[in-house]
Amino acid sequence: MEWTRLRVLALEPGEAYAFPSGECEWIVLPLSGGCEVRCREAAPDAEPAPPARGAQVEAGPGNRPQVFELRGRIGVFGGPTDFAYVPRDAHTEIRSASGGRFALAGARCTARLPARYGPAAGVAVELRGAGTCSRQVNNFAAAGPDGFDCDRLIAVEVLTPGGNWSSHPPHKHDEHHPGEESRLEEIYWFEIAPHGDTPGFGYHRVSPSPAGKTDVLAEVRTGDAVLIPDGWHGPSIAAPGHDMYYLNVMAGPGETREWLIRDHPDHGWIRGTWRDQAVDPRLPFPTTAAEDPR
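Residues numbered from 1 in each chain as written. Predicted model: local features only at pLDDT ≥ 70, side-chain atom pairs only at ≥ 80, totals over all residues. Heavy atoms only, no water.

Let's talk about the packing of aromatic side chains
The tally for this structure, following the rule as stated, stands at ten aromatic pairs. Measuring from centroid to centroid gives 5.5 Å for Phe-83 and Phe-140, while their planes differ by 65 degrees, and the two rings are edge-to-face. Here the residue Phe-83 occupies a position in strand E6 (residues 83-86), and Phe-140 occupies one in strand E11 (residues 135-141), the gap between them amounting to 57 residues. As far as burial versus exposure is concerned, Phe-83 and Phe-140 are alike and both buried. Here a set of aromatic residues connected by ring pairs shows up, and it is made of Phe-83, Tyr-85, Phe-140 and Phe-148. (Phe/Tyr/Trp six-rings, centres within 6.5 Å; stacked < 30°, edge-to-face > 60°. Helix = DSSP H or I, 4+ residues; strand = E, 2+ residues; numbered from the N terminus. Buried < 20%, exposed > 50% of the residue type's maximum accessible area, 1.4 Å probe, protein only.)

Things to note about the pairing of E11
With respect to burial, E11 is a largely interior element, seven of its seven residues being buried. Strand direction decides the pairing type here: strand E10 (residues 124-128) and E11, joined by five bridges, are antiparallel. From the neighbouring strand, Leu-127 faces E11, where its bridge partner is Gln-136. Linking E10 back to E11 in an antiparallel pair, the connection comprises six residues, with Gly-129 at a positive phi of about 80 degrees. The pairing of E11 with strand E12 (residues 154-160) spans four bridges and is classified as antiparallel. Residue Ala-141 lies in a different strand from E12, and its bridge partner there is Ala-155. (Pairing = 2+ DSSP bridges.)

What to know about the sheet that holds E10
Across the sheet, which stays open at both edges, the six strands sit in the order E10-E11-E12-E20-E15-E18 with antiparallel pairing between neighbours. One side of each edge strand has no neighbouring strand; the edge strands of this open sheet are E10 and strand E18 (225-228). Put simply, the sheet's adjacent strands are angled 20 degrees from each other on average, direction ignored. Pairing geometry for strand E15 (residues 185-192) and strand E20 (residues 244-251), over eight bridges, is antiparallel. Bridged to Ile-187 within E20 is Val-249. (Axes fitted to C-alpha atoms, helices over the stretch in contact; angles between N-to-C directions.)

Description of the side chain of Ser-209
With respect to the element layout, Ser-209 can be found in the loop between strand E16 (202-207) and strand E17 (216-220). Look at Ser-209 and you get buried, because its relative accessible area is 8%. Setting aside chain neighbours within four positions, we find Ser-209 in contact with Lys-172, Asp-174, Gly-231 and Trp-232. (Contact = heavy atoms within 4.5 Å.)

Comments concerning the layout of surface pockets
Volume-wise, the largest pocket comes out at about 370 Å³. Surrounding the largest pocket, 25 residues form its lining, Arg-128, Val-137, Val-156, Met-250 and Trp-259 being those nearest its centre. Estimates place the volume of the second largest pocket at around 200 Å³. Lining the second largest pocket are 13 residues, with Gly-122, Asn-139, Phe-140, Asp-146 and Phe-148 positioned closest to its centre. At the level of secondary structure, the elements contributing two or more residues to the lining of the second largest pocket comprise strand E9 (116-118) and E11. Here the lining of the second largest pocket is built from residues that sort into eight nonpolar, four polar and one charged. (1 Å grid on protein atoms, 1.4 Å probe; cavity = no way out; pocket = protein on both sides within 12 Å on 5 of 7 lines; lining within 4 Å. Points joined across faces, edges and corners; volume = space filled by probe spheres on them. Nonpolar A, V, L, I, M, F, W, Y, C, P; charged D, E, K, R; others polar.)

The following block contains the structure:
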């Protein structure tokens, strides 16, 4: 993958993970649990950068890190979470007092934006599709004028009730056609809810497009990722009784950060059937009122 990056961390209580941003911008997204994110945006001998809005700045000489306290959540089906954005050419440490799992969604970029805090209350929740194609999208870093500002990174969470088809109709964004389609790589990272003691599973399809050769039909379980440099992608099928979550990470070479797609010509008609169907009553997923997991 040329543009997109993803790391998933499992931290024990009190454990920390430090990393340089390099040429990428990153979002620290709690999957379960909360954490503290410390971002040092400049070399130690440089002038300290002004604090980003919402950050707590640690006192001290030299280059002061910006500190973001992420409350997090119990799990991916427990509602949107707060998150932190860290820019390229920075040094970041993530530490969790109580432990948890955290996704680092990244993209190669050019511009260096300020480190920032993203509140959970600011995440737009969208219900997409209808009937058995109903799903929920948490647009925490979507593109567009109302989205969270990044240079190239686009990232959202999709939650699909068990038995439903998501990412349907199959669509693609592997060619640049101004105003019609944007060139974006994409990563799908899955978490599937169990049913009692039975582990969850689902299926994901990527088929070749005129611009690409990717051909995948995979059974997916918690922790699996599907890499999509090109091709028609979808559906993502949640087995009955097993709700499906996936994190989408997208980025590409276009000068404009936008998500423009083309539906597969054999399947795009399905959108026309949604107007006569209700959204699945299991949506939206409830927001769990939980104690601070930190």
